[in-house]
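Secondary and tertiary structure notes
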Protein chains: 6
Amino acid sequence: MTERADGRAADELRPVTITRNWLDHAEGSVLVEFGRTRVLCAASFTEGVPRWRKGSGQGWVTAEYAMLPRSTNTRSDRESVKGKIGGRTHEISRLIGRSLRAVVDTAQLGENTIVLDCDVLQADGGTRTAAITGAYVALADAISWARGKGIVKASKQPLTGSVSAISVGVVGGVPVLDLPYVEDVAAETDMNVVVTGDGRFVEVQGTAEGAPFDRAELDALLDLALGGTATLAALQAEALAR
Amino acid sequence: MTERADGRAADELRPVTITRNWLDHAEGSVLVEFGRTRVLCAASFTEGVPRWRKGSGQGWVTAEYAMLPRSTNTRSDRESVKGKIGGRTHEISRLIGRSLRAVVDTAQLGENTIVLDCDVLQADGGTRTAAITGAYVALADAISWARGKGIVKASKQPLTGSVSAISVGVVGGVPVLDLPYVEDVAAETDMNVVVTGDGRFVEVQGTAEGAPFDRAELDALLDLALGGTATLAALQAEALAR
Amino acid sequence: MTERADGRAADELRPVTITRNWLDHAEGSVLVEFGRTRVLCAASFTEGVPRWRKGSGQGWVTAEYAMLPRSTNTRSDRESVKGKIGGRTHEISRLIGRSLRAVVDTAQLGENTIVLDCDVLQADGGTRTAAITGAYVALADAISWARGKGIVKASKQPLTGSVSAISVGVVGGVPVLDLPYVEDVAAETDMNVVVTGDGRFVEVQGTAEGAPFDRAELDALLDLALGGTATLAALQAEALAR
Amino acid sequence: MTERADGRAADELRPVTITRNWLDHAEGSVLVEFGRTRVLCAASFTEGVPRWRKGSGQGWVTAEYAMLPRSTNTRSDRESVKGKIGGRTHEISRLIGRSLRAVVDTAQLGENTIVLDCDVLQADGGTRTAAITGAYVALADAISWARGKGIVKASKQPLTGSVSAISVGVVGGVPVLDLPYVEDVAAETDMNVVVTGDGRFVEVQGTAEGAPFDRAELDALLDLALGGTATLAALQAEALAR
Amino acid sequence: MTERADGRAADELRPVTITRNWLDHAEGSVLVEFGRTRVLCAASFTEGVPRWRKGSGQGWVTAEYAMLPRSTNTRSDRESVKGKIGGRTHEISRLIGRSLRAVVDTAQLGENTIVLDCDVLQADGGTRTAAITGAYVALADAISWARGKGIVKASKQPLTGSVSAISVGVVGGVPVLDLPYVEDVAAETDMNVVVTGDGRFVEVQGTAEGAPFDRAELDALLDLALGGTATLAALQAEALAR
Amino acid sequence: MTERADGRAADELRPVTITRNWLDHAEGSVLVEFGRTRVLCAASFTEGVPRWRKGSGQGWVTAEYAMLPRSTNTRSDRESVKGKIGGRTHEISRLIGRSLRAVVDTAQLGENTIVLDCDVLQADGGTRTAAITGAYVALADAISWARGKGIVKASKQPLTGSVSAISVGVVGGVPVLDLPYVEDVAAETDMNVVVTGDGRFVEVQGTAEGAPFDRAELDALLDLALGGTATLAALQAEALAR
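Residues numbered from 1 in each chain as written. Chains lettered and ligands numbered in written order. Predicted model: local features only at pLDDT ≥ 70, side-chain atom pairs only at ≥ 80, totals over all residues. Heavy atoms only, no water.

As annotated in an unreviewed UniProt entry, chain A is Ribonuclease PH from Kineococcus rhizosphaerae. UniProt annotates chain A under Catalytic activity (unreviewed entry) with the comment "tRNA(n+1) + phosphate = tRNA(n) + a ribonucleoside 5'-diphosphate". (UniProt positions renumbered as here; feature names shortened; annotations may be inferred.)

See below:
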């Protein structure tokens, strides 16, 4: 096997840092870094729920993902200036929201809403997986805040577990973990996997960018992903324990 | 196991029909039906490619998915009236495009563009998988048309294989194939799988709607999907042979 | 007089078919065909009325017209993708709504709303007139449905009559009925006429595409239109009697 | 017959004034008044034509209609603020453009474009007919300007005639000419008629607002309209002769 | 010093005219002219306030500024057609609203809203200052109307003073008052100053178009502006006394 | 005088930090902090200029300002989601662009464009002044980069000086420098002043939020602003020297 550009082993994560309370105003906030990828995750807690959920007794958790125009190598136009949100942005926002809701017991949350804003300050591959991983920690902080304030009254913890995410892919015929941009563009197969702290799947999204992949490749990628998310789960727990 | 609402076996497809040449103008067109789900797929061939692809010598295949307002049980507002396309529509359009490109050798296509319009006339679950399955046949017809006219000049067939798609899910604890709407809303896990005619994966998109799923469930769902898409591949070949 | 492209007499309609219940979900639905023009009309019944009509005791009937991107010979961009509805679409939607309201006694309808979605699956001239003609039948079915369910309680039929529409025009100096696309683009004068079952006018919209027209031409066109709509009214009655 | 609110005879126009050169910058400009209805028509001449017309040797004439927010009795929201143009605005803009093109020989215009902006400063019924009537005069001035400057080089006058428009309607069972707002809202039938200076029809747009109308009513309305537009044509000629 | 293009002294206003009641429908309306600049200001009074102000007991005054497409030398596209409002339009609308609110005691107004529409019919520099100056008079008329009708019940006048505005700039090294377009484009420094009837500042907006300006230049410009607005205040009072 | 909330003297700045090269991709990037206000300024250099400037031999510098949704105490909706940019955003983007262009000799820049993206990560008053102050440093770095690469070829430095900005206001009757959010909302008068490194004005934007202000107050505020910007100019020079 040819070495990876940054010298990592195939099953090795980039350096991951999770900095809590990066913002003063938000009820939870995290600056998460996967190598050079840097995402600011802010959790905003508000009492009340969207209209379609009123009277249900259940809370709501949603997410919005966006990239700063110069987070990437070449500047992109702002979606606010273009006047519409692109398909990729929509897709990732929805993925983050679903992933977080998978570990929230909305009945315990009461009729409250938490919005997770995940803004990519710098992009080098894996922005959606970093966003999910960081947003979970911001979400946990916002829930602690609300329980501390007595706004969320349920004695039972609304979080049913933790969740993190990682990208895996086949590059030059070799399955690898946590792809930076240079590997991402070269990957034949690209998969994002969202996994709970106890190792079960929340989302599996695999795409053949080049040749279609067979069952064996799929299995190898899932193995890598489960390894990576186990490490991320430990890092999340450690960050929350600080 | 409790019986399915429509009496099918767990690994049984709904009745599938593929009607070619449903439209007079389009270079390829198919009305595809998966049970009561009915999608009109029109392939529009145009010479030339989008600006960013000019001079590459390569063609382009893309797709747009939409639902008629009353395709569903309750009328939805038109996205043209709302002035913006929703995230779900974006997501599915992108999925169909990627799935078809996985079996197209764009170099053999030359600098030509084929747009696949997949409009859902009636929805009863599985609209995106029916769309992919039908759009492949419309695409094949459009390519034949262009080769017949001599517009696509390459002697080599631009299609490198066939592609179809099916939904699978866990309903009431049981993995089942090809979910209609009533099963779809009840599913704990929902997966759409896109597979080539020779049984390799193009896309795997699994989502835990309720509890996260484990590796064994994932494997059972993939087995079902491979069985279903093998049948669909045969039906596509049969339709194209008529 | 030179013969018409499809061999019809000047005062002859194209073959017209009206297929009821083409959809499973809608309260009324019709696939209407005027030759190769094919329009799907779906009537959606909902209890309640728009805000500005609340408390009036009166119902509301409105329509939305749209063309599928490949209904025409050359693909058009989707209005949902462009983010705005074009003037022609607006104009025709408003025309269909006004035409149907001309035969509805909204007081008998009670505070209920019926939306008629008229989606052109294939276009070969006369899409707006086919839409009005088909939408009337779908509307009649939706009203029957609501009366059968007891949702519309008035003992008096909310429909005060029937309505249909046809295009007429002067082509090569000769007034002709029901223009397909090839005649439409060649017409010097183009007129759409909406007429009730008892032969009175609801809308008369004539436009000089080439030279302005005089009173005699106008009279000849109106004669043709009244003949055509009388036939359409009979076909509508027949379809509803089946 | 009951008297009209403003004491006019059934076949009498409101006081009409046509003030040329109301603006300093525009190549042609007219403030046209039909009673209290007041429309500012500005003709903007630019060399060149839209892309789809390039190389045709033919010019283009188009129009945009809009109402100031407080032109009406109750303030309306600006379409610029709403971010989209309403159906009525679209419809009227298209009508004005078609009406003017009916009297322009675009080949004589050369590849030049004239845009007619018709902004309603005050509305009291008949804004579209006043706009067409005034815009014709502004158009004539802009063409004279361009011929004087030698920008339009053809020796033949690009205007093939004049055009004006008037509304007619049935109010309280009586056909009347040039309806102000109070009559407009009460009319059973409402028709806008666009007529050339030599008395031929360019557009006939009649709508039954209440009961459908019969052939006799239609004929009576057309008679009134031809009388009104003959007077308007004389007023236009007089204004242009000043 | 070189003479000004129109022969005015450096501290001389263009001819200013303020025509009240230019519209029949609006509760207050003014056509204001600063030389060739011509702005139509309409005040629309409505009972009630925006949602965020409900229950406050306080009224609201706001403004919308816009230019007709051919108010300028070269036609501009309509913002309604472009589907969005430009930065300059936004900026000026906000400036007019703030300027007027500076002289309104919203508590005396009660929960009522006055919208000032300032539409530029012809532009020759100074459109925003003319708009503020004219809008004040329209506002005063609308408030008188509402007090006369007893809709505004407070015995105390809601207007705490008058407000007007003027542009000043450095052209060819010389500070001058009330710049027409030709001076505006040539100005090194451009300042808009909004001043109350008793000579205090509401807004000072100075911009170096060419070289930055020093304190002495700033002082000279402020002197000119205070002179100009004193004259405008007198003209406003005179107009309101008529 | 009552003490300021954070204990500063009336003429004292908050702690200011300027961190260069905060991003890896951008040609210049700065994280600037004025107390808790934190703005990320990224300079993107691209060869070529907008169409309207082509062939002029001159470059272009522009800016886009935006706030992250949770930069503020209460979450705001994203402008990309709302589909339009608000007036305040437009206004500030334009202000930043003008301020920077005041110190750029675009002829020396050649036909190149620099876009300054100023994204507010956290807001506590003075975001626009921090943005201008930080953007200048990012701009200087981008120009150095381009000169180093030989893309900007002119031997003369395109920067003609430096520029910084500060807010001043009257709070509780006392003129103060650099207002945080709590002072900003309480200010009677609010002024943003943009000043070059040699102490001349680029922009003066003063607004009476409460009572109008007189000449003496204006003078006191300008004095404060000149003191503050002199300090900022020194901090900018120091940062660039590191």
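Description of the overall build of chain A
Within chain A one finds six helices and nine strands. By the compact-globule yardstick of 18 Å for 242 residues, chain A fits well, its C-alpha radius of gyration being 18 Å. Along the three orthogonal principal directions, the C-alpha set of chain A runs to about 55 × 40 × 35 Å. Taken over 242 residues, chain A has a buried fraction of 61%. The long-range share in chain A, meaning contacts at least 24 apart out of those at least 6 apart in sequence, stands at 68%. For chain A, the exposed surface amounts to about 8900 Å²; the carbon and sulfur share of it is 49%. Taking the average location of the 26 positive side-chain charges in chain A and that of its 31 negative ones, the two points are 8 Å from each other. (Helix = DSSP H or I, 4+ residues; strand = E, 2+ residues; numbered from the N terminus. Rg over C-alpha atoms; globule rule 2.2 N^0.38 Å. Buried < 20%, exposed > 50% of the residue type's maximum accessible area, 1.4 Å probe, protein only. Contact = heavy atoms within 4.5 Å. Areas by Shrake-Rupley, 256 points an atom, 1.4 Å probe, with all protein chains shown as cover. Lys, Arg positive; Asp, Glu negative; His and termini not counted. Charge placed at Lys NZ, Arg CZ, Asp CG, Glu CD.)

A few points about the relation of the copies chain A and chain F
Mapping one chain copy onto the other needs a rotation about an axis and a shift along that axis. With an RMSD of 0.0 Å, the operation that places chain A on chain F is a rotation of 180° combined with a shift of 0.0 Å along the axis. The symmetry that links the two subunits is that of a two-fold axis. Minimal C-alpha separation from the rotation axis in chain A is found for A:Ser80, amounting to 1.8 Å. With an isologous cut-off of 70% or more, the 100% of interface residues of chain A that recur at the interface of chain F puts this contact in the isologous class. (Least-squares fit on C-alpha atoms with pLDDT ≥ 70 in both.)

Some remarks on empty space enclosed by the protein
All chains considered together, the criterion is met by eight cavities of 30 Å³ or more. Volume-wise, the largest cavity comes out at about 70 Å³. If you trace the largest cavity, you find it lined by E:Glu91, E:Ile92, E:Leu95, E:Arg98, E:Arg128, E:Gln205, F:Glu91, F:Ile92, F:Leu95, F:Arg98, F:Arg128 and F:Gln205. If you list the elements that add at least two residues to the lining of the largest cavity, you get helix 2 (87–101) of chain E together with helix 2 (87–101) of chain F. (1 Å grid on protein atoms, 1.4 Å probe; cavity = no way out; pocket = protein on both sides within 12 Å on 5 of 7 lines; lining within 4 Å. Points joined across faces, edges and corners; volume = space filled by probe spheres on them.)

Description of the sheet that holds strand 9 (residues 201–208) of chain C
Across the sheet, eight strands lie side by side as 7(C)-6(C)-8(C)-9(C)-9(D)-8(D)-6(D)-7(D); this open sheet has antiparallel pairing. Among the strands making up the open sheet, the edge pair consists of strand 7 (174–177) of chain C together with strand 7 (174–177) of chain D. On average, adjacent strands in this sheet sit at an angle of 15° to one another, irrespective of strand direction. In terms of strand pairing, strand 9 of chain C meets strand 9 (residues 201–208) of chain D through five bridges, oriented antiparallel. Residue pairing in the sheet places C:Gln205 in a bridge with D:Gln205 of strand 9 of chain D. (Pairing = 2+ DSSP bridges. Axes fitted to C-alpha atoms, helices over the stretch in contact; angles between N-to-C directions.)

Quick look at the interface of chain A and chain F
With 35 residues of chain A at the contact, the number on the chain F side is 35 residues. Roughly 3100 Å² is buried in total at the junction of chain A and chain F, and carbon and sulfur atoms are behind 50% of that figure. Contact with chain F buries surface across chain A, with A:His25, A:Arg70 and A:Arg78 losing the most and accounting together for 24% of the total. Where chain A packs against chain F, one counts 14 salt bridges. (Buried area = accessible area lost by both parts, 1.4 Å probe. Salt bridge = Lys/Arg side-chain N within 4 Å of Asp/Glu carboxyl O.)

Considerations on a nonpolar patch on the surface
Taken together, A:Tyr181, A:Val182 and A:Val185 make up a surface patch of nonpolar side chains, about 320 Å² in accessible area. With respect to the helices and strands, the residue A:Val182 is situated in helix 5 (residues 181–186). (Patch = residues over 30% accessible without salt bridge, like charges linked within 9 Å, V, L, I, M, F, W, Y side chains within 5 Å.)

Overview of the UniProt feature "binding site: phosphate" (unreviewed entry) in chain A
Residue and element names in this part refer to chain A. The feature "binding site: phosphate" (unreviewed entry), as annotated in UniProt, sits at Arg88, Gly126, Thr127 and Arg128 in this numbering. Taken together, the annotated residues stretch across 41 residues yet fold into one region, lying no more than 13.5 Å apart by C-alpha. Within the secondary structure, Thr127 sits in helix 4 (residues 127–149). If near-sequence neighbours (up to four positions away) are discounted, Thr127 is found in contact with Thr37, Val39, Tyr65, Arg88 and Val120. By secondary structure assignment, the location of Arg128 is in helix 4. Apart from residues no more than four positions distant in its own chain, Arg128 is found in contact with Tyr65, Arg88, Ile92, Leu95 and Asn192.

Quick notes on the UniProt feature "domain: Exoribonuclease phosphorolytic" (unreviewed entry) in chain A
When the UniProt feature table is mapped onto this chain, "domain: Exoribonuclease phosphorolytic" (unreviewed entry) is found at residues 12–142 and 162–226 of chain A. From the first C-alpha to the last, residues 12–142 of chain A spans 30 Å; its make-up is 30% helix and 32% strand.

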